[in-house]
Amino acid sequence: MAVVGELQPVNQCQVTLSLSSFSLQPAEGMEHLPDDVLLMVMELLEVPDLLACRRVCKRIGALALHREAWRHREVDDHDHVSHVLCPVLRLAPCLDTLELTLPFMSDGCLPPFTATRCAVRHLDLAVEPGSAMFAALVLRNQEALGRLKRFTLRFSPEDEDAELLMETLASTGGLERVVLRHDLFSDIEDAPSRFEPLSRLHKTSASSLRMFDCEYARESEELCNFMLAVHAATLELVNLSGDDDATYNYCSSKSAAALLAGMPNLYELTSFPLGGMADVADCASLRIVHLTVCEESRRTVREAAAFLRRAEQLRQVTLDYGHAGTKSSDIGVDLVLAVNPSVEELVIRSRREAPPDLLPQLQALLVAPALRTLRRLELRVDAVPDALLLGWASRPTRPRPCGTSSSGWC
């Protein structure tokens, strides 16, 4: 007879059976997971492991080739993944980015670059001499698959098939972003003539680009102008300065400025001071401008200054003196003085190690008309001379600085 409050003995056998009921059997667990959960797991696998899933069972194998397992992936031809390029391009339904160097060097399987059904969103090609025609076929195949939105290209116009590649690019529909990198063009005198025939293609492709990035040099003028003309109705961001480390072959032609002036949706422009740049002030949608000042642009700085004075629609201006050199440190002072009072944010940038070289541009701030209405001023320089800071502090009205940093004052 049990006493009230007395603990009952624990049934050890019952406890053991209860714990065993929670044991998991892996095979049954995988089979009971829904497809969407398995796909989430597969998205985290490396490409070789994902391809190996095809050998697990029929269901897992089918999911391993589902577009959700591939559409966010970036695949290139570097050593650690080149051995899987062939099965990927034969089996995968899609990729986010495919980065290739042509010609592709391999001792084994040659991936079906021109016949793959793997649709990519971003195609990045580095084309060595002799491979321009093959690159054109790769681009045309991806256009036919219907997913291509971004295209990055590095090549030399010395390739005898360069014109064909450019014609293919110019007539490719559906692209939203095109980047032609700083090593695209080499310094050869007859390069422009290779792209003159592009003018006959003006009606062959619909406007679709939202962003175009290409160094506007003498060698690339015809190509840049063609792309700007074809996509004028949709372009929102244009970069004609190339990369920060580009080697410039400056072009002072006025043709690009005339095209930019007529763009209805252009919002942000990065370029050197262009010939005829005053006309770009007619672009009512333009709000952000980055001007890269180099020694060769001295003869067009006056036209860029006229643009800054006229462009009342601008809200943000960046003046980059990183390529101005040290022979004539006063280059671009007119740009600081010409910034329209409508501008709310002004950035002055220099990548040179000797801040005094930029002193004339910084001193010009003290008398710049725009200084009274700026909401934000940022100086990306190594140091600001004390005399300039004292002069700045003595002004009755000045914008609020954005703070300090170890690399300078802003």
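You'll find the structure just up there.
Criteria and cut-off values
- Residues numbered from 1 in each chain as written.
- Predicted model: local features only at pLDDT ≥ 70, side-chain atom pairs only at ≥ 80, totals over all residues.
- Heavy atoms only, no water.
- Helix = DSSP H or I, 4+ residues; strand = E, 2+ residues; numbered from the N terminus.
- Buried < 20%, exposed > 50% of the residue type's maximum accessible area, 1.4 Å probe, protein only.
- Pairing = 2+ DSSP bridges.
- Lys, Arg positive; Asp, Glu negative; His and termini not counted.
- Salt bridge = Lys/Arg side-chain N within 4 Å of Asp/Glu carboxyl O.
- Polar contact = N/O pair within 3.5 Å; in protein donor to acceptor, adjacent residues only side chain to side chain.
- Contact = heavy atoms within 4.5 Å.
- Phe/Tyr/Trp six-rings, centres within 6.5 Å; stacked < 30°, edge-to-face > 60°.
- Axes fitted to C-alpha atoms, helices over the stretch in contact; angles between N-to-C directions.
- Parallel < 35°, antiparallel > 145°, perpendicular 65-115°, else oblique.
- Left-handed = near helix turned anticlockwise from the far one by under 90°.
- Nonpolar A, V, L, I, M, F, W, Y, C, P; charged D, E, K, R; others polar.

**Here we look at the environment of Gly332**
By secondary structure assignment, the location of Gly332 is in the loop between β10 (316–323) and α13 (333–338). Looking at Gly332, the relative accessible area reads 4%, which means it is buried. Taking C-alpha positions, Gly332 is 9.9 Å from Leu291, a pair spaced 41 residues apart along the chain.

**Re the pairing of strand β5 (residues 177–180)**
As defined by bridge partners, strand β4 (residues 150–154) adjoins β5 across four bridges and the pair is classed as parallel. Among the inter-strand pairings, Leu153 is bridged to a residue of β5, identified as Leu180. One ladder, built from four bridges, connects β5 with strand β6 (residues 211–214); its direction is parallel. In the sheet register, Val178 faces β6, and the bridge partner there is Phe212.

**What about the side chain of Arg73?**
Mapped onto the elements of the fold, Arg73 is located in the loop between α5 (58–63) and β1 (74–76). Among buried charged residues, Arg73 stands out as having no salt bridge; its nearest opposite-charge side chain is Glu46, 5.9 Å away. A distance of 2.8 Å separates the side chain of Arg73 from the backbone oxygen of Leu45, its partner in a polar contact. In this structure, Arg73 is in contact with Met42, Glu43, Leu44, Leu45, Glu46, Val47, Leu50, Leu95, Asp96 and Thr97, ignoring residues within four places of it in sequence.

**Focus on the packing of aromatic side chains**
Applying the stated criterion to the full structure yields two aromatic pairs. Relative to Phe134, the ring of Phe113 has its centre 6.3 Å away and its plane inclined at 85°; by these criteria the two rings are edge-to-face. On the criterion of sequence distance, the pair formed by Phe113 in the loop between β2 (94–102) and β3 (119–127) and Phe134 in helix α8 (residues 132–145) is long-range, its members being 21 residues apart. Taking relative accessible area as the criterion, Phe134 reaches 33% and is therefore assigned partly exposed. Pairwise contacts between aromatic rings join Phe104, Phe113 and Phe134 into one cluster.

**Structural notes on the packing of α8 against helix α9 (residues 162–170)**
The description of two packed helices rests on the angle between their axes and on the distance between the axes. Look at α8 against α9: their axes get within 8 Å of each other, and the N-to-C directions meet at 15°. Taken together, α8 and α9 sit at an angle that is classed as roughly parallel. For α8 against α9, the interelement crossing comes out left-handed. Contact residues: Ala132, Met133, Ala135, Ala136, Leu139 and Arg140 in α8; Ala162, Leu164, Leu165, Thr168 and Leu169 in α9. Among the residues forming the contact of α8 with α9, the class breakdown is nine nonpolar, one polar and one charged.

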